[in-house]
Amino acid sequence: MHKGRRRNYGRGVKGFYTDERGRVRPITSSRSFKVRINCSPRIPRIRIEEPMLGTIINSVLQQVPIFRELQSAYLVADAVCVNLDLIKKIYSSYQEGNLKRTMEGVGDYVLHNVLSSTQTNIVWLAIKDYIPRRYQNKSFSILSRVMEQVTDEEIKYVRRFLEQAK
Amino acid sequence: MSEDSLNKLNELIDLIQKHGKTGARLLFLFKLLKIRVEGEVKRRHPNAIIDEESLNKLCIQIAQELVNIGKDKLTEEDIKKLLSKQMYKNEFKEFIDKGGYNFHE
């Protein structure tokens with residue numbers, strides 16, 4: 001029936017079947033939907049500058065855990081100062097011994113992570129006893145965050161600031 | 001990158017040797033504030049670009065005030081004092097930006 005004639009069924013025809021009266025009927029596909037991709041409107045990138053940053057800093061300073069964090073950071077800084085000689089000693093012996101061997105055959109990224117955490121551990125080893133027990137967890141997390149994320153540039157920035165302030 | 005991390009502790013030691021407790025406190029408070037502010041900015045505006053220079057400036061100023069206020073031990077009172085000072089400063093700045101007192105009205 002459908003051999004020579006081409007009929008338009010309105011929808012795509014998947015196949016044919018014969019109904020109970022013996023008519024050949026098309027099996028049409030279910031209604032086709034156009035896929036609409038809902039793109040969210042492009043969000044412009046905002047540049048956050050001083051007045052807005054000031055407001056954000058205020059809201060950060062108002063958050064309750066920041067009190068404890070700042071206090072812990074203060075304690076860590078003091079402990080690092082007091083134990084500086086010990087830190088230097090541990091660090092130099094570590095550098096002489098393991099570091100050169102560690103560096104061979106280790107990828108840059110892995111090495112960075114290993115060294116960052118090693119540095120944190122070296123400092124922590126030296127200052128741990130100096131910090132009151134109730135501050136220890138917080139202090140360790142602050143020390144590791146600061147040691148891992150601080151950059152040379154930031155240390156230099158602080159140094160420049162202090163030198164200018166003199 | 002690896003050299004960076006190798007030098008970091010040396011840099012830190014140098015800073016502390018030169019500037020003592022003030023240097024260490026300033027660095028730790030500065031970096032902690034910076035991390036927290038960056039986190040807050042990302043939470044509020046995930047797409048935003050932070051002006052690094054302004055952020056550094058603000059964070060180091062606050063860190064220095066904390067170091068000055070805190071002296072030997074930083075208490076909650078010190079932080080609250082700083083906060084009220086900071087709020088006052090911002091409100092005052094906003095007021096000045098809006099034109100201050102208008103005597104000609």
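Look up: the structure comes first, before these words.
Below, the structure is looked at part by part. The structure displayed is predicted, hence computed values, not measured ones.

**Observations regarding the overall build of chain A**
Consideration 1: Regarding its fold elements, chain A presents 6 helices and 3 strands.
Consideration 2: Moving toward the C terminus, one meets the helices and strands of chain A in the order β-β-β-α-α-α-α-α-α.
Consideration 3: When each of the 166 residues of chain A is scored for burial, the buried share is 21%.
Consideration 4: In chain A, once contacts between residues fewer than 6 apart in sequence are set aside, the share between residues at least 24 apart is 54%.

**Some remarks on the overall build of chain B**
Consideration 1: Looking only at helices and strands, chain B has 3 helices and 1 strand in total.
Consideration 2: Starting at the N terminus and ending at the C terminus, chain B contains elements arranged as α-β-α-α.
Consideration 3: Pairs at least 24 apart in sequence give 48% of the contacts found in chain B among residues at least 6 apart.

**What about the interface of chain A and chain B?**
Consideration 1: At the interface, 51 residues of chain A touch 53 residues of chain B.
Consideration 2: Considering every element that reaches the side of chain A that touches chain B, the biggest residue donor is helix H2 (residues 64–82) of chain A, with 12 residues.
Consideration 3: Partitioned by chemical class, the residues of the side of chain A that touches chain B number 29 nonpolar, 10 polar and 12 charged.
Consideration 4: Both strand E3 (residues 47–48) of chain A and strand E1 (residues 49–50) of chain B contribute to a ladder of 2 bridges, which runs parallel. Its bridge partner lying in E1 of chain B, Ile48 of chain A is registered against Ile50 of chain B.

**Some points on the pairing of strand E2 (residues 24–28) of chain A**
All names here are of chain A.
Consideration 1: Within E2, only 0 of the 5 residues are buried, which leaves it mostly out in the open.
Consideration 2: Across 5 bridges, strand E1 (residues 13–18) lies against E2 in antiparallel orientation. By the bridge assignment, Phe16 is partnered in E2 with Pro26.

**Here we look at the nonpolar core**
Consideration 1: If you look at the biggest cluster of nonpolar residues, it comprises 51 residues, and the most contacted ones within it are Val76 and Val80 of chain A together with Leu29 and Ala63 of chain B.
Consideration 2: If you tally residues by element for this core, the top one is helix H1 (residues 2–44) of chain B, at 14 residues.
Consideration 3: Those residues in contact with Val76 of chain A, other than ones at most four positions away along the chain, are Ile127, Ser139, Ile142 and Leu143 of chain A together with Phe28 of chain B.

**Side note on the environment of Leu32 of chain B**
Consideration 1: Within the secondary structure layout, Leu32 of chain B lies in helix H1.
Consideration 2: Ignoring sequence-local partners within four residues, the contact set of Leu32 of chain B consists of Glu69, Leu70, Ala73, Ile142 and Val146 of chain A.

**Description of the packing of helix H1 (residues 50–62) of chain A against helix H2 (residues 52–70) of chain B**
Consideration 1: Between H1 of chain A and H2 of chain B, the shortest axis-to-axis distance is 10 Å and the interhelical angle comes to 40 degrees. When the interaxial angle is binned, H1 of chain A and H2 of chain B end up oblique. For the pair H1 of chain A and H2 of chain B, the crossing hand works out as right-handed. Residues Glu50, Leu53, Gly54 and Ile57 of chain A of H1 of chain A lie in contact with H2 of chain B, whose contacting residues are Ser54, Leu55, Leu58 and Ile62 of chain B.
Consideration 2: Its residues placed into classes, the contact of H1 of chain A with H2 of chain B shows 5 nonpolar, 2 polar and 1 charged.

**Brief notes about H2 of chain B**
All names here are of chain B.
Consideration 1: Compared with an ideal rise of 1.5 Å per residue, which puts 19 residues at 27 Å, H2 spans 26 Å between its outermost C-alpha atoms and is within 8% of the ideal.
Consideration 2: Of the residues making up H2, those classed as buried are Leu55, Leu58, Cys59, Ile60, Ile62, Ala63, Leu66 and Val67.
Consideration 3: Looking one or two places after H2, you find Lys71, whose phi comes out positive at around 50 degrees.

**Considerations on the pairing of E1 of chain A**
Consideration 1: Little of E1 of chain A sits inside the fold, with 0 of its 6 residues counted as buried.
Consideration 2: Taking the residues between adjacent antiparallel strands as the criterion, E1 of chain A and E2 of chain A are bridged by 5 residues, where Gly22 of chain A takes a positive phi near 90 degrees.

**A short note on the packing of H2 of chain A against helix H5 (residues 133–149) of chain A**
Residues and elements named next belong to chain A.
Consideration 1: Packing of H2 against H5 brings their axes to within 9 Å, and their N-to-C directions diverge by 75 degrees. Classified by the angle between their axes, H2 and H5 sit roughly perpendicular to one another. Across the interface between the two elements, Arg68, Glu69, Ser72, Ala73, Leu75 and Val76 from H2 touch Tyr135, Lys138, Ser139, Ile142 and Leu143 from H5.
Consideration 2: A class-by-class count of the residues in the contact of H2 with H5 yields 6 nonpolar, 2 polar and 3 charged.

About the criteria used
- Residues numbered from 1 in each chain as written.
- Chains lettered and ligands numbered in written order.
- Predicted model: local features only at pLDDT ≥ 70, side-chain atom pairs only at ≥ 80, totals over all residues.
- Helix = DSSP H or I, 4+ residues; strand = E, 2+ residues; numbered from the N terminus.
- Buried ≥ 20, exposed ≤ 12 C-beta atoms within 10 Å, placed from the backbone.
- Contact = placed C-beta atoms within 7 Å.
- Nonpolar A, V, L, I, M, F, W, Y, C, P; charged D, E, K, R; others polar.
- Pairing = 2+ DSSP bridges.
- Core = buried A, V, L, I, M, F, W, Y, C linked by C-beta atoms within 7 Å.
- Axes fitted to C-alpha atoms, helices over the stretch in contact; angles between N-to-C directions.
- Parallel < 35°, antiparallel > 145°, perpendicular 65-115°, else oblique.
- Left-handed = near helix turned anticlockwise from the far one by under 90°.
- Expected span 1.5 Å × (residues − 1).

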